[in-house]
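Coordinate inspection notes
For reference, the chains in residue letters:
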Amino acid sequence: MARRPITPFAALPVAPPIDPPTDTPSDTPAEATAPTTLLPHGIAPDNLAALPRGCGVYVFRGEGALPLYIGKSVNLRARVLSHLRSADEAAMLAQSRRVDTYRTAGEIGALLLEAQWVKQHMPLYNIRLRRSRSLVAWRLSPDGGSAGQPPQLVDSGRHDFAHTSDLYGLYASRRAAQEDLRALAAEHRLCLVALGLEKPLRRGCFGRQLRQCDGVCTGDEPSAAHHTRLFSALLAQQVQRWPYPGAVDIIERDGDWVQAHRVHNWCYLGSHTRQGQPPDAPQAVVPPTPHGPTPTPTPAPAPTSASAPTVPAASATSARFDLATYKILVKPLLGGGVAVQAVG
């Protein structure tokens, strides 16, 4: 079976927001239909009136090349208008000149696109989802209890987190990882010396002196028992290995529109349309350009079939393990809540 060419997000066609609200005549002025409580902004009324109601990603833009804010929603129109009523976002709204939207067939596609664009373009008003240069995790050896070895801190720059066993927790820094392990130690009466977070003392660790440690450091608790308790404390944070032999497509549908999101090793590679087009697709489409001016609309291409060639996909080797993407994908993929097809 031939591989399907896939389209990176930077080359996917974007439907400009031209669908008017279904409950409002198209010739009704936007000012008459917009809420009277909207905060001051520089966005054109026809831009707001044309916001689609479907699922996707929206981009607030100002006069500069960089986006101000990137977000996602299952109802783009409702979410964008909610920004315009939020007093906490008055500074961003004062700089806003337009809102661009990109439709997706489902929420997973919107989450993946939002996370990718925020990391790529670092919008001024996005704080979360920004890329960490390297992640760290605790590696707990299965036989660490008998050897008395503490958990080891490993980083994603030297280890392939998608295929490394016995990893627990994902952190942006060593300090965050150590603080979390200290919190677990306090909650589960673990020994900071055995965890490698304190130097050994003659009378045991400091926690033992405060009766907050069960005494593995003084010989009152077997190392294997302490290791078992540590494993139980970390189990909820276990990093899941990539569960497939290769890349897979996550399939989402919106009416007759079928969209596939290709992922591999907990990395997002790109999306392509399998069938149809968005229900609110216009007669012209434009590519998303987060760093450039508004492009001139071009004629819409015919709906692509499952085997129709598209723009080449992003390379799997160039995509790095990403915390936000992992959190988006791990639950639906391991829980079986989405349609998945193997690539091959």
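First, a word on scope: everything that follows refers to the structure included in this document. (Residues numbered from 1 in each chain as written. Predicted model: local features only at pLDDT ≥ 70, side-chain atom pairs only at ≥ 80, totals over all residues. Heavy atoms only, no water.)

Further remarks concern the packing of aromatic side chains. Using the criterion set out here, one finds 6 aromatic pairs in the structure. For the ring pair Trp242 and Tyr244, a centre distance of 5.3 Å and an interplane angle of 65 degrees mean the geometry is edge-to-face. On the basis of relative accessibility, which here comes to 23%, the residue Tyr244 falls in the partly exposed class. Judged by centre distance (5.1 Å) and plane angle (90 degrees), the rings of Trp242 and Trp266 are edge-to-face. Residue Trp242 is located in the loop between helix H9 (223-234) and strand E7 (248-254), and its partner Trp266 is located in the loop between strand E8 (257-264) and strand E9 (267-275); the two are separated by 24 residues in the primary sequence. For the pair Trp242 and Trp266, a shared accessibility class is recorded, and that class is buried. A network of ring pairs unites the aromatic residues Trp242, Tyr244, Trp266 and Tyr326 as a single cluster. (Phe/Tyr/Trp six-rings, centres within 6.5 Å; stacked < 30°, edge-to-face > 60°. Buried < 20%, exposed > 50% of the residue type's maximum accessible area, 1.4 Å probe, protein only. Helix = DSSP H or I, 4+ residues; strand = E, 2+ residues; numbered from the N terminus.)

Before going further, it helps to examine the pattern of salt bridges. As enumerated under the stated definition, the model contains 12 salt bridges in all. Asp100 is the salt-bridge partner of Arg61, the closest N and O atoms lying 2.5 Å from each other. Here the residue Arg61 occupies a position in strand E1 (residues 56-61), and Asp100 occupies one in strand E3 (residues 98-103), the gap between them amounting to 39 residues. Arg61 gets classed as buried once you look at its relative accessible area, which sits at 4%. Between Asp249 and Arg262 there is a salt bridge; the shortest N-O distance is 2.7 Å. Taken together, the positions of Asp249 in strand E7 and Arg262 in strand E8 put the pair 13 residues apart, joining distant regions of the chain. Judged by relative accessible area, which is 1%, Asp249 ranks as buried. (Salt bridge = Lys/Arg side-chain N within 4 Å of Asp/Glu carboxyl O.)

Inspection of the sheet shows strand E4 (residues 136-139) paired to strand E5 (residues 152-155) by 4 bridges, in the antiparallel sense. Counted as the bridge partner of Ala137 is Val154 from E5. By the bridge criterion, 3 bridges tie E4 to strand E6 (residues 167-171) in an arrangement that is antiparallel. In the sheet register, Arg139 faces E6, and the bridge partner there is Leu167. (Pairing = 2+ DSSP bridges.)

Taken together, the 4 strands give an open sheet; going across it, the order is E9-E8-E7-E12, and neighbouring strands pair in antiparallel fashion. Each having just a single partner strand, E9 and strand E12 (339-342) make up the two edges of the open sheet. Going from strand to strand, the sheet's axes swing by 30 degrees on average, the running direction of each strand aside. Across 7 bridges, E8 lies against E9 in antiparallel orientation. Among the inter-strand pairings, His264 is bridged to a residue of E9, identified as Cys267. Running over the sheet, helix H5 (residues 107-121) touches E7, E8 and E9 and is turned about 115 degrees from E7. (Axes fitted to C-alpha atoms, helices over the stretch in contact; angles between N-to-C directions. Contact = heavy atoms within 4.5 Å.)

Keep in mind these values describe shape, not function.
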